[in-house]
Amino acid sequence: MLPYGRQSIDRSDVEAVIATLGSDWLTTGPRVAQFEKDIEAVAGAPATTVTNGTTALHAAYAAAGVGPGDEVVVTPMTFVATASSASLFGATVVFADVEDETANLDPAAVEAVVTDRTRAIAAVDYAGHPAEYDALRKIAEPLEAVLIGDAAHAIGSTYHGRPVGTLADLTTFSFFPTKNLTTAEGGAVASTSPELLERARTFKNIGMVRDPARLRRPDEGGWWYEVHGYGLNYRLPDVLCALGSSQLSRLAQFKAKRQYLTARYDELLADVPGLRLPIQREGVDPMRHLYPVRILDGRRREVYDRLRAAGIGVQVNYIPVYWHPVYEDLGYRRGMCPVAERFYAEELSLPLFVDLTDDDQDRVVEELRTILIG
Ligand SMILES: *Cc1c(COP(=O)(O)O)cnc(C)c1O
């Protein structure tokens, strides 16, 4: 089966991991700090690494201080973790609809649901296309709500020249193998606010504080540390950070290849009926994580089944988050975000990854064309 996404691992990646295995450090050593610097160089803001994109969101919501009584406005067109990691803190998730063009959180829909209890607003850069953070910031600021960007799809993207990592208050990344670069499991939180970043960093390190300036009793001795708030161990090990730095050194190549394949899909599919192709807004230079087409005329299920039967591993991104029973059981109902639901009903992600060959891409196009033209 041709996958919809997969990693690209080369000899230098393998060597970076092997070298680390023979070094003094397996867990928190020099490669963690190096990878965090390398992420900052791309994201435009300092970062702390974590074990995956889900724990990155958990740490971001911890840093934002969300809890019972708070509302968190979230896009429904995302992987469930964008919402569920806020729900775990006891916050109430409020879903706001998305824009039809990009499937990104719609600022007008956010404006309609915010209240004085809104503590955070979380957008996703769907498929790698940055969300409308400037408009979202205008809504968040007067409420003193924290703006969170789930950039699991978007490391390497820029918006009017500004890198993802500088657009929201807190930005999260995932380094799962299907994403834009991989550390097997891995993720990061970046922030333009030193205070928010420090809170995320402390949370992912069990809440342990060692900085003398922050200690309540700094004179106890060299061994002393304090825990001022609950945390978890979400540390990404040196072995995986070595892989991350090696992967990041090829990010520009990855981006160029993803943009090449996207342009090729755009051209090859331009005249196929029953299909709507993804768009790109003015001023956006996206890392193309997905190639999400829309299958019109109620044929998505049929096209999915027939492509799968032909060995083409298409995917649906995403099931609207509040359709999951965990939210349904809390009283969230279908119909709440109609634009997201229509998008879901039509969406199909075609194979897109760095090592996809032109021949394989041609085969995807031919199969799809045959199904749609009949
Ligand atoms: C992949 C993904 C996550 C979760 O990342 P993991 O590393 O798989 O935990 C969160 N949000 C979005 C939008 C994602 O695509």
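Just so it is clear, the model here is predicted, and its values are computed rather than measured.

About the criteria used
- Residues numbered from 1 in each chain as written.
- Predicted model: local features only at pLDDT ≥ 70, side-chain atom pairs only at ≥ 80, totals over all residues.
- Heavy atoms only, no water.
- Domains from an automatic or database assignment.
- Contact = heavy atoms within 4.5 Å.
- Buried area = accessible area lost by both parts, 1.4 Å probe.
- Near = heavy atom within 4 Å.
- Polar contact = N/O pair within 3.5 Å; in protein donor to acceptor, adjacent residues only side chain to side chain.
- Areas by Shrake-Rupley, 256 points an atom, 1.4 Å probe, with all protein chains shown as cover.
- Helix = DSSP H or I, 4+ residues; strand = E, 2+ residues; numbered from the N terminus.
- Nonpolar A, V, L, I, M, F, W, Y, C, P; charged D, E, K, R; others polar.

1. Details of the domain arrangement of the protein chain
Now for step 1: Under the domain assignment, the protein chain is made up of domain 1 (11–248) and domain 2 (251–373).
Now for step 2: Distance between the C-alpha centres of domain 1 and domain 2: 26 Å.
Now for step 3: With 41 residues of domain 1 at the interface, the matching set in domain 2 holds 37 residues.
Now for step 4: The junction of domain 1 with domain 2 conceals about 3,200 Å² of combined surface from both sides, 58% of it contributed by carbon and sulfur atoms.

2. Examining the site of the ligand
Now for step 1: Near the ligand there are 14 residues, and of these Gly53, Thr54, Asp150, Ser174 and Lys179 occur at the shortest range.
Now for step 2: Here an oxygen atom of the ligand sits 3.4 Å away from a polar atom, N or O, in the side chain of asparagine 52.
Now for step 3: At 2.7 Å from an oxygen atom of the ligand is found a side-chain nitrogen or oxygen belonging to threonine 54.
Now for step 4: Expressed as a share of its isolated accessible area of 380 Å², the protein-covered part of the ligand is 91%.
Now for step 5: It is helix H3 (residues 53–64) that contributes the most residues to the shell around the ligand, 3 residues altogether.
Now for step 6: Residues belonging to the shell around the ligand are distributed by class as follows: 5 nonpolar, 7 polar and 2 charged.

3. A look at the environment of glutamate 226
Now for step 1: Mapped onto the elements, glutamate 226 comes out in strand S11 (residues 226–227).
Now for step 2: Those residues in contact with glutamate 226 that sit more than four places away from it in its chain are Gly207, Met208, Val209, Arg214, Leu215, Arg216 and Arg217.
Now for step 3: There is a polar contact of 2.7 Å between the side chain of glutamate 226 and the side chain of histidine 228.

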